[in-house]
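Structural overview
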Amino acid sequence: MIIKDLTIPIRIILDTALSRRLPRNHPKQKDIAEDLTKRQAGFKGEKNLRYYLDLLPKEEYLIFFDLNLTVNNYSFQIDALVITSNMVLILEVKNFSGTLFFEPIFNQFIRKNNNKAEGFPNPIIQAQRQRSLLIKWFKEHGIQAFPVDYLIVISHSSTILETSNEPSSISQKVLHAEKVVSKILELSNQYKKKLNPTRLSNSLQKLHSPPIPNILESFAIEKNEIIKGIECSQCHSYSMKRDHGAWICPACNFISIDAHKQAIFDYFLLISDTITNQQCRDFLSISNRKTIHRVLSSMNLRSSTYEKGKKKIYYRPDIHWINKNHCLN
Ligand SMILES: [Zn+2]
C-alpha cells in the first residue's frame, strides 16, 4: 500500500516559476532549463519505480516516496522506502542512460556514454550512508530495530550494467526497475523475525519534513532580477492593470478576473513565504492599497495581524496545493 505517494518535486515547481519570472535572454535561463530537464527525468524514473512497487501485495508492504528525515540536525532524503513486518528497504533510484560500470576495488561509479567516461558519486556508498542515518533515526525516535537493507534501482531498462570479475555483492544490490518486485519478495523471505511496523509508519508520516529550497540562492540570482507585475496569459507581458474589478492587459486588451493569483503565488515561491499589503503592491506593480487588500482577502490565505492589529501578514499555502490548484505550468 502506498502510504506517502510520489508528488511532483518542489524543485520542478520552483524552477518553472523562476524561469517564467526572468527575462528570456537572462544568462541563468540555460542553467534553469538544464536543472529542470534533469529533475523531470528523475521524476519520470521515480514514476516508473512507482508503477512496479504498486504491484506488491497491498496489505504486507507499506511504501513511502521521497522521505526527508532529520537526525542530529542533519537532514537526509530517501527516494523510496518499503516497510514490511520483517524489514525496511531503502530504494535509491538512478536515471542514467548508457553503460554504468560499478568498479568494486576503488568503489568507483562510472558512466560510459558516446565514448565518454564520467565518474559520479557511487550510489552504493550513498545508500549505505542513508542506511546508517536511518538506523540512527530509529534510535533517536525509540523505534524497534528493524533490519535495514538497500537496493539501487536503475530506472531505464535500456541502461547496461557492468561490473568487474572480482567477487563482489554489486549484482545483489543494483538492479533494473522491472526486477524490483521479485527482488523485494526474495529479500523479505530472508528476514524471519516479525515486528510491528505501525509505529514506524506513523512516525515517518509525522516527522517527514520537506525542505523548501531558496531557489534564488541556488542559482545565485538577486531578488531585483525577478520580473514584477501581473502576467497576461495571452501575450505574456507583465503589465496588467485593474479596471472595473478585473485585470486588463494594455498590450493586447485581454481581460482576466484572477490574474493576480499567479503573481502572488510566484512571490511565495520565489521571494518569501509571507507577504504584506505593501510587498504585494510593490511586486504586482499596483499602487492602490484597497485593491491589494481586496485581492489578498479574497484568496483565503492564512494570515495574522501585527502592530496592534493594524497590519496584516499573509502566509504561503502548501506548495503542492499551489501547484495543483493553479496550474502554474
Ligand atoms: Zn496581453
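Those donors, Cys 232 (SG), Cys 235 (SG), Cys 249 (SG) and Cys 252 (SG), are the protein atoms that reach the zinc ion, and they lie 2.3 Å from it. Bound by 4 donor atoms, the zinc ion shows angles of 104 to 116° at the metal and therefore tetrahedral coordination geometry. Taken in sequence order, the residues that donate to the zinc ion follow the motif C-x2-C-x13-C-x2-C. Taken together, the residues span a long stretch of sequence, with Cys 232 in the loop between helix H7 (215-218) and strand S11 (241-243) and Cys 249 in the loop between strand S12 (246-248) and strand S13 (255-256) at a distance of 17 residues. You can call Cys 232 buried: its relative accessible area is 0%.

The phi torsion at His 244 lies on the positive side, around 50°, for a residue other than glycine. A relative accessible area of 79% means that His 244 is categorised as exposed. In this structure, Lys 308 is a non-glycine residue whose phi angle is positive, near 55°. Relative to the elements of secondary structure, Lys 308 occurs in the loop between strand S15 (303-306) and strand S16 (311-315). Since its relative accessible area comes to 84%, Lys 308 is described here as exposed.

Attention shifts here to the packing of helix H9 (residues 277-284) against helix H10 (residues 289-298). Contact pair H9 / H10: the axes reach a minimum separation of 9 Å and the direction vectors enclose 105°. Relative to H10, the element H9 lies roughly perpendicular. For the pair H9 and H10, contact is made by Asn 277, Cys 280, Arg 281 and Leu 284 and by Arg 289, Ile 292, His 293 and Leu 296, respectively. Here the contact of H9 with H10 is built from residues that sort into 4 nonpolar, 2 polar and 2 charged.

Right, let's talk about the pairing of strand S7 (residues 116-120) for a bit. Little of S7 is tucked away, with 0 of its 5 residues classed as buried. Here 5 bridges tie strand S6 (residues 108-113) to S7, and the two strands are oriented antiparallel to one another. Residue pairing in the sheet places Asn 113 in a bridge with Lys 116 of S7. Here S6 folds back onto S7, and the loop between the two strands holds 2 residues, one of which, Asn 114, carries a positive phi near 50°.

On to the domain arrangement of the protein, then. Split by domain assignment, the protein resolves into domain 1 (2-207) and domain 2 (228-325). Between domain 1 and domain 2, the C-alpha centre-to-centre distance is 38 Å. Contact residues are listed per partner, giving 9 residues for domain 1 and 13 residues for domain 2. Across the domain 1/domain 2 interface, buried area totals approximately 1100 Å², and carbon plus sulfur atoms make up 62% of it. When the buried area of domain 1 at its contact with domain 2 is split by residue, Ile 13, Arg 20 and Arg 21 rank highest and sum to 61% of it.

Before going further, it helps to spend a moment on the packing of aromatic side chains. The relation between two aromatic rings is expressed through the spacing of the ring centres and the mutual angle of the planes. If you walk through the whole model with that rule in mind, you get 7 aromatic pairs. Ring plane angle 80° and centroid distance 5.3 Å describe the contact between Phe 96 and Phe 109, whose orientation is recorded as edge-to-face. Note that Phe 96 is positioned in the loop between strand S4 (88-94) and strand S5 (99-103) and Phe 109 in strand S6, a separation of 13 residues in sequence. Accessibility classification places Phe 96 together with Phe 109 in one group, the buried group. When the ring of Trp 137 is compared with that of Phe 138, the centres are 6.3 Å apart and the planes differ by 65°; the resulting orientation is edge-to-face. Accessibility expressed as a relative area gives 1% for Trp 137, which makes it buried. Classification of Phe 138 by relative accessible area gives buried; the value is 3%. Linked through ring pairs, Phe 96, Phe 102, Phe 109 and Phe 120 together constitute an aromatic cluster. Seen from the ring of Tyr 150, Lys 173 lies directly overhead, with NZ or CZ sitting 4.6 Å from the centre. The ring of Trp 247 is capped by Arg 242, whose NZ or CZ atom sits 4.6 Å from the centre of that ring.

As a further point, take helix H8 (residues 259-270). If you check H8, its first and last C-alpha atoms are 17 Å apart, about what 12 residues at 1.5 Å a residue would give, namely 16 Å. Most of H8 sits out of view: 10 of its 12 residues are buried. Residues of H8 that are buried: Ala 259, His 260, Ala 263, Ile 264, Phe 265, Asp 266, Tyr 267, Phe 268, Leu 269 and Leu 270.

Conventions adopted
- Residues numbered from 1 in each chain as written.
- Predicted model: local features only at pLDDT ≥ 70, side-chain atom pairs only at ≥ 80, totals over all residues.
- Heavy atoms only, no water.
- Donors = N, O, S within 2.8 Å, 3.2 Å for Na, K, Ca; no water.
- Tetrahedral: all angles 85-135°; square planar, octahedral: opposite > 155°, others 65-115°.
- Helix = DSSP H or I, 4+ residues; strand = E, 2+ residues; numbered from the N terminus.
- Buried < 20%, exposed > 50% of the residue type's maximum accessible area, 1.4 Å probe, protein only.
- Axes fitted to C-alpha atoms, helices over the stretch in contact; angles between N-to-C directions.
- Parallel < 35°, antiparallel > 145°, perpendicular 65-115°, else oblique.
- Contact = heavy atoms within 4.5 Å.
- Nonpolar A, V, L, I, M, F, W, Y, C, P; charged D, E, K, R; others polar.
- Pairing = 2+ DSSP bridges.
- Domains from an automatic or database assignment.
- Buried area = accessible area lost by both parts, 1.4 Å probe.
- Phe/Tyr/Trp six-rings, centres within 6.5 Å; stacked < 30°, edge-to-face > 60°.
- Lys NZ or Arg CZ within 6 Å of the ring centre and 35° of its normal.
- Expected span 1.5 Å × (residues − 1).

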